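Each chain is listed here by its residues.
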Amino acid sequence: MTSDFEHAAEVARRYDRDRYLSALLAPEQHRPGLMALYAFNAEIARVREIVSEPLPGEVRLQWWRDLLGGTEHGTAAANPVANALLQTIRDYNLPKQGLVAMTEARIFDLYDDPMPSLNDLEGYAGETVSGLFQLACLVLNGGRDTGTATAAGHAGVAYGLAGLMRALPWHASRRQMYLPKDLQQRHNLDPETVFRGETTPELEAVLKEMREHVRHHLKRVRQASGDVPASCHPAFLPLTLVEPFLKKLESENHDPLKDVTEISQLRRQWLLWRASGQVFERI
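Residues numbered from 1 in each chain as written. Predicted model: local features only at pLDDT ≥ 70, side-chain atom pairs only at ≥ 80, totals over all residues. Heavy atoms only, no water.

A. A look at the side chain of His213. For His213, the location among the structural elements is in helix H12 (residues 201-224). Those residues in contact with His213 that lie beyond four places of it in its chain are Leu118, Glu122 and Leu161. (Helix = DSSP H or I, 4+ residues; strand = E, 2+ residues; numbered from the N terminus. Contact = heavy atoms within 4.5 Å.)

So this is what it looks like as structure tokens:
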């Protein structure tokens, strides 16, 4: 790999370890492209963490949209992740609109607006996560159409929602709410109790429904797996961690507002390695 792709791999390793590890289990010739995609995703996903208020975050996201749109940036050459991404787009003829949609969806992260509905949450996960699964499939299939849109769509919702439940303590501490308002209303959840760190039966009911929703989408991924060519299987490896995370989330001693759900690094590596070659049997 060139230094740009090496830098992208380091960004992915530091900020998105699961996808980084899954890329290491992919064919060697496609690893740089996967690392570039995963590093780009990590960069836009953590914008809120590196800005003090929304406006600078919007500027950063606009920078990526301008770059993808072909607007000349004097600092683009100094950004190795941008360089690796642009090279990957050229090498695999990737559709830029999917990458642009990812940056646009991330604007929601910059504010504390509530997620209006479960449908809206699915749409958010579709833009931010499903799109990444689909682009990874394109890289692994040499830039050719993969016919994996259905599997990628459900995979992104399952993986995205599981990740948001894992991060609930972190989001609640800054008064950011991804739990959909329609689920809150259905279970009479007062969001202020969440922001105060109070784990109530109402919150447990919302999270139970969310876990059921994740498992529904995992089932849909398995149903669509016959349409996924073997070359694309490494893109779906991170999904094999979802069910272990769900079991941790629903364990008796787990406090969803105080415990950030984790699996040891060694076990994650083992789960991903075990699933390589038979990913859909392990989801």
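B. Layout of the packing of aromatic side chains. One pass over the structure, following the stated rule, counts eight aromatic pairs. Seen in terms of ring centroids, Tyr124 and Tyr178 are 5.7 Å apart; in terms of plane orientation they differ by 45°. Their pairing is tilted. Note that Tyr124 is positioned in helix H7 (residues 118-140) and Tyr178 in the loop between helix H9 (168-173) and helix H10 (181-186), a separation of 54 residues in sequence. Taken individually, Tyr124 and Tyr178 each receive the classification buried, so the pair is uniform in this respect. Measuring from centroid to centroid gives 5.6 Å for Phe133 and Phe236, while their planes differ by 25°, and the two rings are stacked. A residue pair is termed long-range when its members are at least 10 positions apart, and Phe133 in helix H7 and Phe236 in the loop between H12 and helix H13 (242-249) qualify at 103 residues. Since its relative accessible area comes to 3%, Phe133 is described here as buried. Given a relative accessible area of 0%, Phe236 falls into the buried group. Cation over ring: Arg46 sits above Tyr15, and NZ or CZ is 4.1 Å from the ring centre. For the cation-ring pair, Arg166 lies above Phe245, with the distance from its terminal atom to the ring centre recorded as 3.8 Å. (Phe/Tyr/Trp six-rings, centres within 6.5 Å; stacked < 30°, edge-to-face > 60°. Buried < 20%, exposed > 50% of the residue type's maximum accessible area, 1.4 Å probe, protein only. Lys NZ or Arg CZ within 6 Å of the ring centre and 35° of its normal.)

C. Structural view of the state of the cysteines. For the structure shown, the criterion picks out zero disulfides. Cys232 provides the cysteine sulfur closest to Cys137, a residue in no disulfide bond, and the two sulfurs are 4.1 Å apart. A relative accessible area of 0% means that Cys137 is categorised as buried. (Disulfide = S-S within 2.5 Å.)

D. Structural view of the environment of His154. Relative to the helices and strands, His154 is located in helix H8 (residues 149-166). Residue class for His154 comes out buried when judged on its relative accessible area of 13%. Taking the C-alpha atoms as reference points, His154 and His233, 79 residues apart in sequence, are found 15 Å from one another. Sequence-distant contacts of His154, defined by excluding residues within four places in its chain, comprise His217, Arg220 and Val221.

E. Geometry of the packing of H8 against H12. Where H8 meets H12, the closest approach of the two axes is 8 Å, and the angle between their N-to-C directions is 155°. Judged on the interaxial angle alone, H12 and H8 are roughly antiparallel. For the pair H8 and H12, the sense of crossing is left-handed. Contact residues: Thr150, Ala151, His154, Ala155, Val157, Ala158, Leu161, Ala162 and Met165 in H8; Leu207, Met210, Arg211, His213, Val214, His217, Leu218, Arg220, Val221 and Ala224 in H12. Considered class by class, the residues forming the contact of H8 with H12 number 13 nonpolar, four polar and two charged. (Axes fitted to C-alpha atoms, helices over the stretch in contact; angles between N-to-C directions. Parallel < 35°, antiparallel > 145°, perpendicular 65-115°, else oblique. Left-handed = near helix turned anticlockwise from the far one by under 90°. Nonpolar A, V, L, I, M, F, W, Y, C, P; charged D, E, K, R; others polar.)

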